[in-house]
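Descriptive structure summary
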Amino acid sequence: VKHEERWGTVCDGDWTIEDAEVVCKQLRCGSAIQALNRAPFGEGSGPTWLYRVYCRGDESTLWNCSHPGWGAFTCPHYFDTGVICSGFSGLRLTRGDKACSGHLTVKQEETWATVCFSHIDFKTASVICHELECGQAVDILRGTHLEDRHELIWQEEFHCVGNETHLAHCPRMQHRSKTCSHDATVVCSANLLLANGSTTCSGRVELLHGGTWGSLCDYLWDLPAANALCQLLDCGVALLIPGGQSFGKGNGSVWNGTFSCKKNGSHLRDCPVSGLGHDECPVGKDARVICSGEQQKGLRGEVKISFFEEKYGPKIQRVSVEPSCIFFTSRLWCPGGRLVNGTACSGRVEIRHGDTWGRLCRSHWNLQAASVLCHQLNCGYAKSIQTGDHFVDGNGPVWRDAFHCEGSESCLWDCAQMTLGNPTCSAREAATVICSGLAESLRLSGGESRCDGQVEISLHGMWSRVLDDDWDIKDAHVICRQLQCGIAEKAYYLPRSERGMGPVGLRSVQCGGNETQLMLCKTSYSQMVPMGVAEDVGVICSGSRQIRLVNGTMRCAGRVELYHDGIWGTICDDNWDLSDANVVCKQLGCGHAIKAFVSAHYGEGSGQIWLDDVNCTGAESDLWACPSRAWGQHNCQHKEDAGVLCSEFLALRLVNGNDCAGRLEVFYNGTWGSICSNRMSQLTARTVCKHLNCGDGGEIARDFKYGRGSGPTWLDHIECTKQHNSLWQCQSDPWDPQSCDNRAEETHISYREKLRVIGGEDGCSGRVEIWHQGSWGTVCDDSWDMADANVVCRQLSCGSAVSALSEAAFGEGTGPIWLEKVHCKGTELSLWDCPAKPLFGKNCDHKEDAAVDCSAGPKTGQQATCLTLLAWAQQQTTEEQLFGSPHSLPVASSFPFSSSSPPCNRQ
């Protein structure tokens, strides 16, 4: 290193790869391959400038790393350090027609350099395919001729042994000649793709083997295999395996084999196709799949099952999710959720905002939300979210969204989403989950959670009923144990009205009660239902217990209700206090209790009263873990139902103005407080107005006319995007009662009502409409005159009024009638400045919609004459009504226009 105009060495007995990484990066020599000490390139001379350098690896220069100081220690030169850098920082295969084949290039500084065909061999190709997670090397091909192309050529030959994990680790030699006739094309074996589909994520499975592409004939092809392939191709999850000859027969080549992944496989290299042979394929055995990753081209809106039947044949094998999730909604999959750094069904949770993926903060992550994500990914349910530091390595943004799920949602984004004010997270505080896996063959459906409902098993990729004529609690215990749902509370037969009509998978189950899986019990398989024998069966496990708050305006406040034994019921308020309420709030992820309500503060419930004399310490994790009377034992009525208000209960309001204008305040931790305006955009102001059902006309007021607040200043740096419909979804700083430096930073919102005229041809004549509280509405013509019309014309920059028209001169409007009896002087700058009466009664209907004609609109002679006639006729009618002096109306035929020309057609 050069310091004080002198070159000197670096001395370090503990020189690490992180230290070397900084050197290589600073010199633009790629990444560090080796960190060497004890003068590996000979002893240096001069001063020892740096000693015991400690780098993290992300510093921009070596001297930015931690060290004792320049020249702090004179070190013998036999301790001088050295590095070997890769010389390049990445590699890729380009211009190939498949993801795992193409021309080999390496990144040198900021430029991609072409690798010559003569510079690599088959062992090198094997290392490249392995590094790119593309399986085994199939071939090296002579690429395109380079004589006429002016490209940067990589000047080193690669001499790999074949067991290196990265190309940068291979020995290299400077090429003797500077010329290169052809570039190198590398072909890797794991080239799997979906062919002949309407998207890149649907089609017939094609496999490249031995240089030949062919259809994969897989006798064991099923939904788990299809799902694994979809995820490995970055195509989401498998939606269905279509029947018939969908996607065609291909080019005639067929590869017989079995696609399977290693237990923890998450890359194509972990999913080999074994037993490959070249043969014919029986009808129906070629592998096909439709993945969720892309929608069908041209599809919009509702997707009918008949579309799939028409395109892919009547035999459709569905994944184990509700059909409505696939067929009857406008989206074919759940967007924006994935697991990384693990397997297909375990790892770090990442969600997508816009086009950016980021890890999810674990501060509000719980098993219910995790189970929804597992279900969304076709990975069963969440077995654990406590994974320590597993899966959390890596970089990228950290999203602070909190998902509050009931557990029965189809997609994570269907859960209540809360982001505002959430605490910051480090990269290592990411949410993780281990799901039960793709191979789950048992579920409970139709209940309030995954731990209660009708028993169903999956056979051959299809969910089937379980029938039994001697169903008991021992059978139910096995179900609950296998599903990790606690112990069985009830085994029951479904009511006749709820019995299924689908295929039957099992009947006559006989369990001892200690088995770990239902299939270990004595069972019989049946696809037919014998007459008069067996009924659909169901189970309620202890893990189905749930808690909710009812009748509050938002989550985190309301009447406490518990789900037990398949029924929702209330809590009696005897001895109900803050300790009890604290357990409820904590259990719901709602912070701590602000108040414990009694006497049915949130209204009376109905049905069962589950608990009485609850006596929590406050440390319990579940309300039912607190001492109380037994389930269902009480001496109460519903007028004694208990309720809570938790600290995470949020509300929003505008004060010192009206419903849609004022100083912005948020209710948090039991107190109303202000919101600071730093970095707040007009888009955020519009989001506030949408949140308050005030339309999208909000803007930040700079005149502070709505007064100063006196309570805490809860939030700052709120940033909303176009995707946010609620302020709760926007990013912000964490909650802090002193977020503003001073009261001048408080947010004031003014509401800019919008005005338009409809029915004319120029935007300056027509029916007057105003935008208020999220919708367009009209103005009643009571008292409507030229002064009112002048204000409208001026506000629209349409000059002055030519006429003020009434009686729906430009046709009747629709929707609300927002104003009547407008009384403008004519000098006001805005219609909102005029005295008017909000129309809440039924004094007007749309036959009385007011209209204007302004001078600035370009009028034809015909239109001007027509509008003048209308104004004159309405004036005469009014005078006749007032004074009883009729005036003769000119004959329409004497005017140079058609009687059907708007706006004259009605009058």
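Per an unreviewed UniProt entry, the protein is named CD163 molecule, and its organism is Strix occidentalis caurina.

This part is about the overall build of the protein. In terms of regular secondary structure, the protein is built from 11 helices and 55 strands. Taken over 907 residues, the protein has a buried fraction of 49%. Intrachain contacts of the protein at a sequence separation of at least 6 include 69% that bridge at least 24 residues. A total of about 42800 Å² of accessible surface is found on the protein, and carbon and sulfur atoms cover 49% of it.

So, on to the packing of aromatic side chains. The final tally for this structure, using the stated rule, is 16 aromatic pairs. Aromatic pair tryptophan 49 and tryptophan 70: ring centres 6.3 Å apart, planes at 75°, arrangement edge-to-face. Placement of the pair is tryptophan 49 in strand β5 (residues 48-51) and tryptophan 70 in the loop between β5 and β6 (82-85), with a sequence separation of 21 residues. We classify tryptophan 49 as buried; its relative accessible area is 9%. A ring pair is formed by phenylalanine 597 and tyrosine 602, whose centres lie 5.4 Å apart and whose planes are at 90°; its orientation type is edge-to-face. One exposure class covers both phenylalanine 597 and tyrosine 602, and it is buried. Among the aromatic side chains, those forming a connected cluster through ring pairs are Trp49, Trp63 and Trp70. Sitting above the plane of the tryptophan 112 ring, arginine 92 keeps its charged end 3.9 Å from the centroid.

In this structure, glutamate 561 sits in strand β38 (residues 557-564). On the basis of relative accessible area, glutamate 561 is assigned to the buried category, the value being 6%. A distance of 2.7 Å separates the side chain of glutamate 561 from the side chain of arginine 548, its partner in a polar contact. At 3.0 Å, the side chain of glutamate 561 and the side chain of arginine 559 are in polar contact.

A separate point is the state of the cysteines. Taken as a whole, this structure holds 22 disulfides when the rule is applied. Each sulfur in the disulfide pair cysteine 230 and cysteine 291 lies 2.0 Å from the other. Disulfide cysteine 230 to cysteine 291: torsion about the S-S bond roughly -75°, handedness left-handed. Pair noted here: cysteine 230 is in helix α3 (residues 223-232) and cysteine 291 is in strand β20 (residues 288-291), with a separation of 61 residues, a long-range link. This pair shows no difference in class: cysteine 230 is buried, exactly as cysteine 291 is. Between cysteine 374 and cysteine 435 runs a disulfide, and the two sulfur atoms are separated by 2.0 Å. With the S-S dihedral at roughly -80°, the linkage between cysteine 374 and cysteine 435 falls on the left-handed side. Here the residue cysteine 374 occupies a position in helix α6 (residues 367-376), and cysteine 435 occupies one in strand β29 (residues 432-435), the gap between them amounting to 61 residues. The two residues cysteine 374 and cysteine 435 agree in class, both being buried. No disulfide involves cysteine 29; its sulfur sits 5.0 Å from the nearest other cysteine sulfur, which is in cysteine 85.

The rules behind the values
Residues numbered from 1 in each chain as written. Predicted model: local features only at pLDDT ≥ 70, side-chain atom pairs only at ≥ 80, totals over all residues. Heavy atoms only, no water. Helix = DSSP H or I, 4+ residues; strand = E, 2+ residues; numbered from the N terminus. Buried < 20%, exposed > 50% of the residue type's maximum accessible area, 1.4 Å probe, protein only. Contact = heavy atoms within 4.5 Å. Areas by Shrake-Rupley, 256 points an atom, 1.4 Å probe, with all protein chains shown as cover. Phe/Tyr/Trp six-rings, centres within 6.5 Å; stacked < 30°, edge-to-face > 60°. Lys NZ or Arg CZ within 6 Å of the ring centre and 35° of its normal. Polar contact = N/O pair within 3.5 Å; in protein donor to acceptor, adjacent residues only side chain to side chain. Disulfide = S-S within 2.5 Å.

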